[in-house]
Amino acid sequence: MDKELNKKVFLDIMVNIKNILKKEGIRGGIEQFDQIINFVFIKLLSEKQKLNYWDKLKNIINEDLYYEINKIKQIINDKFQFELIKDITIKNNNNVIRSIVSNLDKLEINEVDQDISGYVFEFFINSAHHNGGLGEYYTPRIVTKYLLNLIDIKQYESIYDPFCGTGGFLVTAAEENKGNMLFGGEISNSARIAKMNLILHGKEHKHICQIDSLANPRELLYDIVITNIPFSQK
């Protein structure tokens, strides 16, 4: 599928899912994002690591989908020894979960021309900004790529982003094989999204910490610091 066309399909699907979540009473951008990213991660992880989690979900007809997705959640969290997937709050409504799975199944996720988690994040966070803002910002891929290319990063050097958000700089570094070890700090729940992104790019996630990097500087861990400073933070 043409990438531009696939982006349009992606946006149409996100609008559909956003409306589904709104009907369930999940209305805030960050709350919607916290739910949908669980499904996106399960789909991507299944595709990239040749796992059967997504096939199980989309082929369930009569069984309890809520039970099944939470079982998969526990397997994945145990596998990576971290609560990557949060509780699914869409309870006792198999039709809603089935509709979300059906919508996402139409999308050729690997064809979207940037990290999918960041793209989903950007969609829901931008939507939330129109309704009052969240203090969260997505650094466009063109910016992360441009800034990383300005720096002559050696293969043996480590990179640290103290305000990593969903991990845009670190994901770009991973894709372009820049640096050796990747470290990240993030005060918000977006730290788990950065972990997801690194896992999907075959990189170690344990060096991403949910932490207030201003109050807790992490020194002597890295050679290079690159970040988008959180200007909205007091």
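Within each chain, residue numbers correspond to sequence positions counted from 1 in written order. Per-residue local features are limited, in this predicted model, to residues with pLDDT of at least 70; the limit for side-chain atom pairs, both in listing and counting, is 80 or more; totals at the level of whole chains, interfaces and linings are taken over all residues. Only hydrogens and water are set aside; all other atoms, that is, all heavy atoms of the structure, feed into the side-chain values.

Turning to the overall build of the chain, a few remarks are in order. Helix and strand assignments follow DSSP, with helices taken as H or I runs no shorter than four residues and strands as E runs no shorter than two, numbered in order from the N terminus. Of regular secondary structure, the chain possesses nine helices and four strands. For the chain, the sequential pattern of α-helices and β-strands runs α-α-α-α-α-α-α-β-α-β-α-β-β. Throughout this description, buried means an accessible area under 20% of the type-specific maximum (1.4 Å probe, protein chains only), exposed means over 50%, and partly exposed covers the range between. Scored against the burial criterion, the 234 residues of the chain give a buried share of 50%. By the convention used here, residues are in contact when the closest approach between their heavy atoms is within 4.5 Å. For the chain, contacts bridging at least 24 residues in sequence account for 71% of all contacts bridging at least 6. Summing over all exposed atoms, the chain offers an accessible surface of approximately 11,800 Å²; the carbon and sulfur share of this is 49%. Values of accessible area rely on a 1.4 Å probe in the Shrake-Rupley scheme; residue burial ignores everything except the protein chains shown.

Time to look at the packing of helix α2 (residues 29-48) against helix α9 (residues 191-200). Note on method: axes are straight lines fitted to C-alpha atoms, helices fitted across the in-contact stretch only, with angles between N-to-C directions ranging 0 to 180 degrees. Orientation of α2 relative to α9, taken along the N-to-C sense of each, is 15°, at an axis distance of 11 Å. When the axes of α2 and α9 are compared, the pair comes out roughly parallel. Where α2 crosses over α9, the handedness of that crossing is left-handed. For the pair α2 and α9, contact is made by Phe33, Asp34, Ile37, Asn38, Phe41, Leu44, Leu45 and Lys48 and by Arg192, Ile193, Met196, Ile199 and Leu200, respectively. Any angle that falls under 35 degrees is termed roughly parallel, while one over 145 is termed roughly antiparallel, one within 65 to 115 roughly perpendicular, and all others oblique. A clockwise turn of the near helix away from the far one marks a right-handed crossing, whereas an anticlockwise turn of less than a right angle marks a left-handed crossing.

Before going further, it helps to examine helix α5 (residues 94-105). An α-helical turn contains 3.6 residues, so any two residues separated by three or four positions project in the same direction. Given a helix with a known number of residues, its expected span is that number minus one, times 1.5 Å. End to end, α5 covers 16 Å across 12 residues, agreeing with the expected 16 Å (1.5 Å per residue, within 8%). Every buried residue of α5 is accounted for by Val96, Ile97, Ile100, Val101, Asn103 and Leu104. Taken end-on, α5 shows its buried residues confined to a sector of 160°, consistent with a single buried face. By definition, the arc is the one covered by directions from the helix axis to the C-beta atoms.

This brings us to the environment of Thr166. Assignment of secondary structure puts Thr166 in the loop between β1 (159-161) and α8 (168-175). Residues Thr166 and Ile193 lie 27 residues apart in sequence; the distance between their C-alpha atoms is 5.1 Å.

A word on the pattern of salt bridges. Take a side-chain nitrogen of Lys or Arg and a carboxyl oxygen of Asp or Glu: if they are within 4 Å of each other, that pair is a salt bridge. With the rule as written, the count across this model stands at nine salt bridges. Ionic pairing is found between Arg192 and Asp34, a salt bridge with its closest N-O pair at 3.4 Å. On the criterion of sequence distance, the pair formed by Arg192 in helix α9 and Asp34 in helix α2 is long-range, its members being 158 residues apart. With relative accessibility at 2%, the residue Arg192 sits in the buried group. The residue Lys73 makes a salt bridge to Asp87 at a minimum N-O spacing of 2.5 Å. With Lys73 in helix α4 (residues 65-80) and Asp87 in the loop between α4 and α5, this residue pair connects regions lying 14 residues apart in the sequence. According to the relative accessible area criterion, Lys73 is buried, its value standing at 9%. Sharing partners across several salt bridges, the network here consists of Asp55, Lys58 and Asp105.

Whether two strands pair depends on DSSP finding at least two bridges between them. Read across the open sheet, the four strands follow the order β3-β2-β1-β4; overall the sheet is parallel. The sheet is open, and its two borders are formed by β3 (208-210) and β4 (224-225), each paired with just one other strand. In terms of strand pairing, strand β2 (residues 182-186) meets β3 through three bridges, oriented parallel. Bridge pairing in β3 places Gly185 opposite Cys209.

So, on to α8. The buried count for α8 comes to seven of eight residues, which makes it a mostly enclosed element. By the burial criterion, the buried members of α8 are Gly168, Phe169, Leu170, Val171, Thr172, Ala173 and Ala174. Buried residues along α8 sit in contact with α7 (141-150), β1, β2, α9 and β3. Backbone geometry just downstream of α8 places Asn177 in the positive-phi region, at approximately 55°.

A separate point is the confidence of the model for the chain. Confidence scores per residue from the predictor, reported as pLDDT, run from 0 to 100. A residue-level look at the chain finds 82% of positions with pLDDT of 70 or above and a mean pLDDT of 83. Every residue in residues 128-134 scores below 50 in pLDDT, and together they form nine contacts with partners more than four places removed in sequence or on other chains.

Before going further, it helps to examine unusual backbone geometry. The phi angle of most residues is negative, glycine excepted, and most peptide bonds adopt the trans form. Of note in this structure, Lys50 is not a glycine but carries a positive phi near 55°. With respect to the element layout, Lys50 can be found in the loop between α2 and α3 (53-59). If you check the backbone angles, Asn177 has positive phi at about 55° while not being a glycine. Counting through the fold element by element, Asn177 comes out in the loop between α8 and β2.

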